[in-house]
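# Secondary and tertiary structure notes
Okay, here's what each chain looks like letter by letter:
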Amino acid sequence: GAVVSQHPSWVICKSGTSVKIECRSLDFQATTMFWYRQFPKQSLMLMATSNEGSKATYEQGVEKDKFLINHASLTLSTLTVTSAHPEDSSFYICSARDDRTGGLTEAFFGQGTRLTVV
Amino acid sequence: SQQGEEDPQALSIQEGENATMNCSYKTSINNLQWYRQNSGRGLVHLILIRSNEREKHSGRLRVTLDTSKKSSSLLITASRAADTASYFCATFNQAGTALIFGKGTTLSVSS
């Protein structure tokens, strides 16, 4: 099946620093990728839709200047958490759908990144 | 934004028993999907049911969809300890781009 690789799987950073998380589709192209955030024992909350070659679309309440998204190629999207604070500590998950299937099909998920800001 | 509710929030059963999880959603849908998440991991797609389907099977999984009630159920038969995970239903947002997830059911299967 299709594979989405997310890196790193965990990261600890100091307050005020920035952290970059990568999401790669390994065996398919994805014009659109999605970033979610998940707090402990809660569901996934959509943060933004990442579009290759254009600006990301952010969900209401998500600060675009804090969560920078770059979708530089058809297989790579990055999420940068800028000036991280302890409240940004969370589990971040990316997902993508195969461009070849198109339409409303299943999504493939990365393994997630556990961010801890100290 | 959350698509809807799932119940129960948590379910504990013994191996061999069946587990039923329910999901309700708010908007009209093209399809509804179920995903599984092991603790601290990404999600794995289990099954997709289209709006014109009422029931679908995949191995030990059985999914039903009632569009008139805007609800779906996931049945796992003859559960195993390895089925211990969180299960989420998901539907597409109004733009038809991103999946929106329900609150999930945490299933614990003890041997």
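A short tour of the structure in this document, coming up. (Residues numbered from 1 in each chain as written. Chains lettered and ligands numbered in written order. Predicted model: local features only at pLDDT ≥ 70, side-chain atom pairs only at ≥ 80, totals over all residues. Heavy atoms only, no water.)

Inspection of every chain in the model, using the stated rule, returns two disulfides over all chains. Shown here is the disulfide that connects Cys23 of chain A with Cys94 of chain A, its sulfur atoms set 2.0 Å apart. The S-S bond linking Cys23 of chain A to Cys94 of chain A shows a torsion near 85 degrees; that makes this disulfide right-handed. Here Cys23 of chain A, found in strand β3 (residues 19-25), pairs with Cys94 of chain A, found in strand β9 (residues 90-96); they are 71 residues apart in sequence, far enough to count as distant. You can call Cys23 of chain A buried: its relative accessible area is 1%. Between the sulfur of Cys23 of chain B and that of Cys89 of chain B lies a disulfide, 1.9 Å long from S to S. The disulfide joining Cys23 of chain B to Cys89 of chain B has a torsion of about 70 degrees about its S-S bond and is therefore right-handed. With Cys23 of chain B in strand β3 (residues 19-24) and Cys89 of chain B in strand β9 (residues 85-92), the pair connects residues that are 66 residues apart, well separated along the chain. According to the relative accessible area criterion, Cys23 of chain B is buried, its value standing at 2%. Look at Cys89 of chain B and you get buried, because its relative accessible area is 2%. No disulfide involves Cys13 of chain A; its sulfur sits 18 Å from that of Cys94 of chain A, the nearest cysteine. (Disulfide = S-S within 2.5 Å. Helix = DSSP H or I, 4+ residues; strand = E, 2+ residues; numbered from the N terminus. Buried < 20%, exposed > 50% of the residue type's maximum accessible area, 1.4 Å probe, protein only.)

Before going further, it helps to spend a moment on the sheet that holds strand β1 (residues 4-7) of chain A. All names here are of chain A. Read from one edge of the open sheet, four strands run β1-β3-β8-β7, paired in antiparallel fashion. Only two strands of the sheet have a single neighbouring strand rather than two, namely β1 and β7 (67-73). Between one strand and the next, the sheet's axes are offset by a mean angle of 15 degrees, whatever the strand orientation. Sheet topology note: the β1/β3 ladder contains four bridges and is antiparallel. (Pairing = 2+ DSSP bridges. Axes fitted to C-alpha atoms, helices over the stretch in contact; angles between N-to-C directions.)

Take unusual backbone geometry next. Negative phi characterises most residues that are not glycine, and trans characterises most peptide bonds. Of note, the amide linkage connecting His7 of chain A to Pro8 of chain A takes the cis form, showing an omega dihedral of 0 degrees. Phi at Ser83 of chain A takes a positive value of approximately 40 degrees, unusual for a residue other than glycine. As for its placement among the helices and strands, Ser83 of chain A is situated in the loop between β8 (76-81) and β9. In this model, Lys70 of chain B sits at a positive phi of 55 degrees, which is unusual for a non-glycine residue.

Here the focus is the side chain of Asn93 of chain B. Among the structural elements, Asn93 of chain B can be located in the loop between β9 and β10 (99-101). In this structure Asn93 of chain B touches Ala98 and Ile100 of chain B, once residues within four positions along its chain are discounted. (Contact = heavy atoms within 4.5 Å.)

Before going further, it helps to spend a moment on the layout of surface pockets. In this approach a probe as big as a water molecule rolls over the atoms, and the regions it shows empty are the leftover space. One number sums up the size of the largest pocket: a volume of about 450 Å³. Forming the walls of the largest pocket are 20 residues, and the residues nearest its centre are Gln38, Lys41 and Gln42 of chain A together with Ser86 and Thr106 of chain B. For the lining of the largest pocket, the secondary-structure elements that each account for two or more residues are β9 and β11 (105-110) of chain B. It is β9 of chain B that contributes the most residues to the lining of the largest pocket, three residues altogether. For the lining of the largest pocket, a count of residues per class yields five nonpolar, 12 polar and three charged. For the second largest pocket, the full set of lining residues is Arg37, Phe39, Met45, Leu46, Met47, Gly61, Val62, Glu63, Phe67 and Asp88 of chain A. (1 Å grid on protein atoms, 1.4 Å probe; cavity = no way out; pocket = protein on both sides within 12 Å on 5 of 7 lines; lining within 4 Å. Points joined across faces, edges and corners; volume = space filled by probe spheres on them. Nonpolar A, V, L, I, M, F, W, Y, C, P; charged D, E, K, R; others polar.)

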